[in-house]
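Inside the fold
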Amino acid sequence: MTENFSNIKIPTNEVINEATEILLKDGLVAFPTETVYGLGADATSKTAIFSIYQLKNRPKINPLICHVASKEMAYRYSIETEISNLLVNAFWPGPLTLILNQKNNSGISKLVTAELDSIAMRYPKNKIFEKIINRLDKPIAAPSANISGNISPTTPMHVFEEFNNKIKLIIDGGETEKGIESTVVDARGRNPIILRHGPITAEMIENKIKCKVLLGTENSSIESPGQLLKHYSPKKNIIINSMEYDEQSCFLGFKNIMPDSNFKGIALNLSINGDLNEAATNLFKMLRILDKSNSKNIIVAPIPNKGVGIAINDKLMRASLQNE
Ligand code: TXA
Ligand code: MG
C-alpha cells in the first residue's frame, strides 16, 4: 500500500485558516509545540474532546492540558495563586504546565479535566499554535499526539506513524526543540509540587522564584492521574542503566559510553558532548529508530540523574517496565 501524507502540511495562512475551521467544527488537528506534537481540540467541545480519547485509546481518568495564548486567557478558566503568578511570569510561554483550581462554570468540557476540580494550563512557546489559539479565543486541549502508552511524537512523521490519515491535518513545524513533554507543577499551594519531570527542572524553578520545590509522590493516582507507571513503551525490551550489550541488542549511548568498534548492531548517541538538553531532544526520536531495528533489546547507557537528566531517566524507567 502506498502511503498518502497529504494531511501533513506546512503552516501557510491558508493552512492556519483550515486548522481554525476544523477546530470550530469539533474536529482534531495535530500541532507542533516546543516539547512534543499535540493532538488538539476546542477545550469547550464535548464532542471533539471525546474523539481525542477515542482516537488515542486514552483512559478517561487521565485529564488533558488546556493550551492558552496568554496569562489572561489561563485565568479566565482557572484561579490564580501567588505561586502561579511567579511561575507564569518566570516561565511562560514555555514547557511548564500548571495545575490550578478551575473556576465555576468555566465552560471547559468535564472530559478535559476528568471531572476534577483542578485544571492543567500551559502557554506553549510556538508561534503557529499561539496564532490558532488566539483565532479560536478559547483554550485548545491537547495531549501528546500518540496512541496512549506509545512514545511521544517529536516530528510530523511520528504523528503520521501513530494515526495515518485518521487526523485531517498535521501541521508541520519540523522537529520539536525540547523533545520531551512539559514539566507539570501543582501551583495551588504554598510550594510548587512537581507532578511530572520535564524540561523545567526543580533547580530552575527554585533559582527563579526563590521557593522550595516539592516532589509529588510517584504513583499518587489523585495528584497526577496520568502518570501511569508504564509509559513510552517501545515494542522491544528496554534495559536501562547498562553497558552490557550482545549480538541481540542495539545501543543508545551517552557521551563516551558507546559500544566498541567490534559491535555489529545499531548504536546511536543521545549526546556525544554529554549535553542533557540535547539528549532530551533526541530521546524519543532515537527510541523510535531503535524500536524499528531487528535487535531484540534496546540497551541504554547510564544518564546522569541531574537537571533534565531526571526527566530523561523517569521516562526511560517507565519505558523499561513494558514487560513486567
Ligand atoms: O508538553 C506537553 O505537556 C504536551 C504538549 C502537547 O503540550 N502534552 C502532554 O499531554 O504531554 P499529555 O496528555 O500527554 O500529558 C498531560 C499530563 C498527564 O500526566 C495528566 O495526568 C496531567 O498532565 N494532568 C492534566 N490535568 C491534570 C490535573 N487536573 N491534575 C493533575 N494532572 C493533570
Ligand atoms: Mg502523553
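A brief look at the structure comes next. Keep in mind the model is a prediction, meaning the values are calculated, not measured.

Focus: the pairing of strand E14 (residues 249-253)
E14 sits mainly inside the fold: five of its five residues count as buried. Burial along E14 is two-sided: the residues Ser249, Phe251 and Gly253 and Cys250 and Leu252 are all buried. Where E14 meets strand E16 (residues 297-300), four bridges bridge the pair, whose relative direction is parallel. Paired with Phe251 across the two strands is Ile299, which belongs to E16. As judged from the three bridges shared by E14 and strand E15 (residues 267-269), these two strands associate in the parallel manner. Directly across from Gly253, in E15, lies its bridge partner Asn269.

Some details on the nonpolar core
Judged by nonpolar contacts, the single largest core of 63 residues is most densely connected at Ile49, Leu87, Trp92, Leu98, Ile132 and Ile171. When residues no more than four places from it in sequence are discounted, the contact partners of Ile49 are Ala41, Asp42, Ala43, Leu64, Ser109, Leu111, Val112 and Ala141. Core analysis: the next-biggest nonpolar cluster, separate from the first, contains 29 residues, Val36, Leu283, Ile298 and Val300 among them.

Thoughts on the packing of helix H4 (residues 82-91) against helix H7 (residues 202-209)
Interaxial distance between H4 and H7 falls to 10 Å at its minimum, and their mutual angle equals 100°. In terms of orientation, H4 lies roughly perpendicular with respect to H7. Note on element contacts: H7 touches H4 through Met204, Ile205, Lys208 and Ile209, opposite Ile83, Leu86, Leu87, Ala90 and Phe91. Looking at the contact of H4 with H7 residue by residue, the class counts come to eight nonpolar, no polar and one charged.

Thoughts on unusual backbone geometry
Of note, the bond from Trp92 into Pro93 is cis; its omega dihedral lies within 30 degrees of zero at -10°. Here Pro93 lies in the loop between H4 and strand E6 (96-102). Of note in the backbone geometry, Ala114 takes a positive phi value of approximately 50° without being a glycine. As for its placement among the helices and strands, Ala114 is situated in the loop between E6 and strand E7 (118-122). In the Ramachandran plot, Lys255 falls in the positive-phi region, its phi being about 55° despite a non-glycine side chain. One can find Lys255 in the loop between E14 and E15. Using a relative accessible area of 44% as the deciding quantity, one classes Lys255 as partly exposed.

Topic: the sheet that holds strand E13 (residues 237-239)
Strand order in this open sheet of four strands is E13-E16-E14-E15, and the pairing throughout is parallel. Both outer strands of the open sheet, E13 and E15, are each paired with one neighbouring strand and no more. With direction set aside, neighbouring strand axes in the sheet form an average angle of 20°.

Overview of the packing of aromatic side chains
Under the criterion given, the structure shown has five aromatic pairs. Summarising the aromatic geometry, the rings of Tyr245 and Phe251 are spaced 5.6 Å apart at their centres and angled 80° between planes, so their arrangement reads as edge-to-face. Since its relative accessible area comes to 29%, Tyr245 is described here as partly exposed. Among the residues examined, Phe251 registers a relative accessible area of 1% and is labelled buried.

Details of the environment of Ile257
Counting through the fold element by element, Ile257 comes out in the loop between E14 and E15. On the accessibility criterion, Ile257 (23% relative accessible area) is partly exposed. Between the C-alpha atom of Ile257 and that of Ile303, which follows or precedes it by 46 residues, the distance is 9.7 Å. In this structure, Ile257 is in contact with Met243, Phe251, Ala301 and Pro302, ignoring residues within four places of it in sequence.

What counts and what doesn't
Residues numbered from 1 in each chain as written. Chains lettered and ligands numbered in written order. Predicted model: local features only at pLDDT ≥ 70, side-chain atom pairs only at ≥ 80, totals over all residues. Heavy atoms only, no water. Buried < 20%, exposed > 50% of the residue type's maximum accessible area, 1.4 Å probe, protein only. Helix = DSSP H or I, 4+ residues; strand = E, 2+ residues; numbered from the N terminus. Pairing = 2+ DSSP bridges. Core = buried A, V, L, I, M, F, W, Y, C linked by side-chain atoms within 4.5 Å. Contact = heavy atoms within 4.5 Å. Axes fitted to C-alpha atoms, helices over the stretch in contact; angles between N-to-C directions. Parallel < 35°, antiparallel > 145°, perpendicular 65-115°, else oblique. Nonpolar A, V, L, I, M, F, W, Y, C, P; charged D, E, K, R; others polar. Phe/Tyr/Trp six-rings, centres within 6.5 Å; stacked < 30°, edge-to-face > 60°.

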